[in-house]
Amino acid sequence: MLAALAIHTLWGGNPVAVKLGLEAFPPLWSGFLRFALGCLCVAAWAALARIPIWPTRGEWPVLLAIGILFTVQIALMNIGFSGTTGAKGSVLIATNPLFGVLCAHFLVPGDRVGAARAAGVLVAFGGTALVLTRGAPGGAGEWGASAGDWIVLASAGLLGLRLALSGRFLRRVNEVRLNFWVMLLSLPLFAAGGMAWEQIRWDKIGAAPIAGIFYQGMVVAGLAFTVNFYLMRRYPPSVMISFNFVAPVAGVLLSIWILGESLTVGLAGGMALVALGLALIARR
């Protein structure tokens, strides 16, 4: 499970990268650029590994359904991140295991929530709640704290559902093919929305926004998504989803380091509860 810890640590840097990218690229264009890069990375890996990339006829309905859910979830996440801080965004998006474990309980045969795992989810969620209410200043940006926080929380719910569904379908769909087509199908939707409603801030383009887009596309969308799907084929989805509680710890620390946000008692206490909850969830 060291691979899961490493991947979710990298995933924890995503809110910071999104915040950096949003300085120049608005939410829908950020999604388009991110997943265009991600598609190139996954396609290159599929070619090297000789993995067939074209779906079978029976896979198309699954790919289309998850692709639409994926697009809506990422769009909400990017929009929400524009209206909250990196630390709060890291915590809110990390509540997705609470939704994902519940969905997996009903959607994935044999993936039941036992007492220890349920206790771990509750403890870890208590940590995220502590960070949210006591650990960070209010949100920033034109949306304001309340709207941005609720939008990110809605995205977390959709992310939990998407991961649970992916865990079920990965039993018959190759993870590389699923990752590639879900991202590829999102591109025309992001591009259409970006052209209709957004303007790239060309005067703000610099090293930080470009680095943020490349991190989202190559490290998170290209590497982390594929490895996470690979692991989800081999472990129960609720266990893999629960490792997402590593991400807020990394996200809060990176927000302090890169974005200059402050460390509070609430942040420290919340991260301690997250660590305890993770130990309960992951214990086999």
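Refer to the preceding data block for the structure.
Residues numbered from 1 in each chain as written. Predicted model: local features only at pLDDT ≥ 70, side-chain atom pairs only at ≥ 80, totals over all residues. Heavy atoms only, no water.

J.: Explanation requested: the overall build of the protein in the structure shown.
T.: Check the secondary structure of the protein and you find 13 helices and zero strands. Reading the protein from its N terminus to its C terminus gives the helix and strand order α-α-α-α-α-α-α-α-α-α-α-α-α. Residue pairs in contact within the protein that sit at least 24 positions apart in sequence constitute 91% of those at least 6 positions apart. As displayed, the protein offers around 12000 Å² of accessible surface, 72% of which is attributable to carbon and sulfur atoms. (Helix = DSSP H or I, 4+ residues; strand = E, 2+ residues; numbered from the N terminus. Contact = heavy atoms within 4.5 Å. Areas by Shrake-Rupley, 256 points an atom, 1.4 Å probe, with all protein chains shown as cover.)

J.: I keep staring at the side chain of Ser186 and nothing clicks. Help me out?
T.: Relative to the elements of secondary structure, Ser186 occurs in helix 9 (residues 175-197). A polar atom in the side chain of Ser186 sits 2.6 Å from the backbone oxygen of Met183. (Polar contact = N/O pair within 3.5 Å; in protein donor to acceptor, adjacent residues only side chain to side chain.)

J.: So what exactly am I meant to see when it comes to the packing of aromatic side chains here?
T.: Each aromatic ring pair is specified by the distance between its two centres and by the angle formed by the two planes. A full pass over the atoms with the stated rule returns seven aromatic pairs. Arranged with centres 5.7 Å apart and planes meeting at 90°, the rings of Trp29 and Phe32 form a pair that is edge-to-face. Here Trp29 and its partner Phe32 are both found in helix 3 (residues 27-49), three residues apart, which amounts to about one turn of the helix. A residue is classified by how much of its surface remains accessible, and Trp29, at 15% relative accessible area, is buried. Taken together, Trp54, Trp60, Phe180 and Trp181 form an aromatic cluster joined through their ring pairs. (Phe/Tyr/Trp six-rings, centres within 6.5 Å; stacked < 30°, edge-to-face > 60°. Buried < 20%, exposed > 50% of the residue type's maximum accessible area, 1.4 Å probe, protein only.)

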